[in-house]
Amino acid sequence: MKKTIIALILSIFSFTFIACDEKQEETINLEKYLSTYQSCLYVSQDENFNIYITTITQESPFLADGLIGEMKMESSINLKPKTGELLNHSYEYCLIGSNGQINGTLQKNKLGIAFKDTIKDFDSLGDIQKVTIKYSENEVSFMLSNVLENAIDYSKALELSYNHFKETVDLELANNSFNREIYIKLINNESENNYCYYISFLKTYKDFYSCTISLNGEYLNEHISTKQENSN
């Protein structure tokens, strides 16, 4: 009788462990749906320029179609003059980190309102410290602020946004209708220099649900597209 009871108990424990393992296997991995995420951002400005250095991993080319294409990671330096006259110059830069420096030339972007250069071997610089910009007879240095210092990362922002939209996401996944890509970028009000994460669960530009999460993990607000609202 005792042997029968012991065998029954062991059987229950064995079933419990198997059930737990199966539950862990069902954990939702939303990162496989990422089509854009920003993992690094340094910023600075003065009376003439806004400047930022960032690393973004994004499908290339980016298409808002709910599908994930080939992903490409790019680190870049971006300079935005605050007056039209400053758009008429050529710009060189020297980016300095704790492990070395990188020199390069900035190229005007397609819209003609800012300048950009892709930074190769960005990680080799170590901690980013400052950048010097040269144009005409001028040379100006910017101390750079790390926006993500002591902040949550994009993975945590994704987790928090999933918790907010959990009912909708879980229902779409269960119905095999989650034909969405997830877009995560840092946005700000330039006048306030107040950054936050913008996370969008995107099927098309007219069908999405999104929210903003502060850098300390606080939910801020949401935006539901008209098409998505009509489908609920």
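Quick look at the structure, then. (Residues numbered from 1 in each chain as written. Predicted model: local features only at pLDDT ≥ 70, side-chain atom pairs only at ≥ 80, totals over all residues. Heavy atoms only, no water.)

**Digging into the overall build of the protein chain**
Here comes step 1: Each helix and strand in the protein chain was counted, giving four helices and 13 strands.
Here comes step 2: Here the protein chain holds 232 residues, and the buried ones make up 40% of them.
Here comes step 3: Across the protein chain, contacts joining residues at least 24 apart in sequence account for 58% of those joining residues at least 6 apart. (Helix = DSSP H or I, 4+ residues; strand = E, 2+ residues; numbered from the N terminus. Buried < 20%, exposed > 50% of the residue type's maximum accessible area, 1.4 Å probe, protein only. Contact = heavy atoms within 4.5 Å.)

**Remarks on helix 2 (residues 154-164)**
Here comes step 1: Inspection of helix 2 places Y154, A157, L158, L160, S161 and Y162 among the buried residues, and these make up the whole buried set.
Here comes step 2: N-capping of helix 2 is provided by D153, with a side-chain oxygen placed 3.2 Å from the backbone N of S155. (Polar contact = N/O pair within 3.5 Å; in protein donor to acceptor, adjacent residues only side chain to side chain.)

**Observations regarding the pattern of salt bridges**
Here comes step 1: Applying the stated criterion across every chain yields a total of five salt bridges.
Here comes step 2: Here D170 and K166 are joined by a salt bridge, their closest N and O atoms 2.7 Å apart. In this pair, D170 and K166 both sit in helix 3 (residues 166-174), four residues apart, roughly one turn of the helix.
Here comes step 3: Given a relative accessible area of 39%, K166 falls into the partly exposed group.
Here comes step 4: The shortest N-O distance in the salt bridge between R180 and E172 comes to 3.0 Å. (Salt bridge = Lys/Arg side-chain N within 4 Å of Asp/Glu carboxyl O.)

**A few points about the pairing of strand 12 (residues 207-214)**
Here comes step 1: Taken across its eight residues, strand 12 has eight buried, putting it largely inside the fold.
Here comes step 2: By the bridge criterion, eight bridges tie strand 11 (residues 194-204) to strand 12 in an arrangement that is antiparallel. Bridge assignment links I199 to a residue of strand 12, and that residue is C211.
Here comes step 3: Linking two consecutive strands that pair antiparallel, namely strand 11 and strand 12, is a turn of two residues.
Here comes step 4: Judged from the five bridges that link them, strand 12 and strand 13 (residues 219-224) form a sheet pairing that is antiparallel. Of the residues in strand 13, the one forming a bridge with I213 is Y219.
Here comes step 5: Turn length for the strand 12-strand 13 hairpin, with the two strands adjacent in sequence and antiparallel, is four residues, and the turn residue G217 shows positive phi of about 90 degrees. (Pairing = 2+ DSSP bridges.)

**Some points on the nonpolar core**
Here comes step 1: Core analysis: the largest hydrophobic core is formed by 29 residues, its most contacted members being L30, I182, I184, Y197, I199 and F201.
Here comes step 2: Every element with two or more residues in this core is listed here: strand 1 (34-45), helix 2, strand 10 (181-189), strand 11 and strand 12.
Here comes step 3: For this core, the element with the most residues is helix 2, which contributes five residues.
Here comes step 4: Formed by 24 residues, the second largest nonpolar core is a distinct cluster that contains Y42, L87, I102 and I128. (Core = buried A, V, L, I, M, F, W, Y, C linked by side-chain atoms within 4.5 Å.)

**Focus on the pairing of strand 8 (residues 138-143)**
A regular strand carries its side chains on alternate faces of the sheet.
Here comes step 1: Across six bridges, strand 7 (residues 128-135) lies against strand 8 in antiparallel orientation. Bridge pairing in strand 8 links V131 to F142.
Here comes step 2: The hairpin formed by strand 7 and strand 8 contains two residues between the paired strands, and S136 there has a positive phi angle of roughly 50 degrees.

**A word on the side chain of S161**
Here comes step 1: Relative to the helices and strands, S161 resides in helix 2.
Here comes step 2: Here L158 takes part through its backbone oxygen, which lies 2.8 Å from a polar atom of the side chain of S161.
Here comes step 3: Once you skip the residues sitting within four places of it in the chain, S161 turns out to touch I199, F201 and C211.

**Notes on the packing of aromatic side chains**
Here comes step 1: This model, assessed by the stated rule, comprises 12 aromatic pairs.
Here comes step 2: Where F201 meets Y209, the ring centres are 5.2 Å apart and the plane angle is 20 degrees; that geometry is what we call stacked. Like F201, the residue Y209 is buried in the burial classification.
Here comes step 3: Grouped by ring-pair contacts, the aromatic residues Y33, F165, F178, F201 and Y209 constitute a single cluster. (Phe/Tyr/Trp six-rings, centres within 6.5 Å; stacked < 30°, edge-to-face > 60°.)

Everything listed here is a matter of geometry and, on its own, says nothing about what the molecule does.
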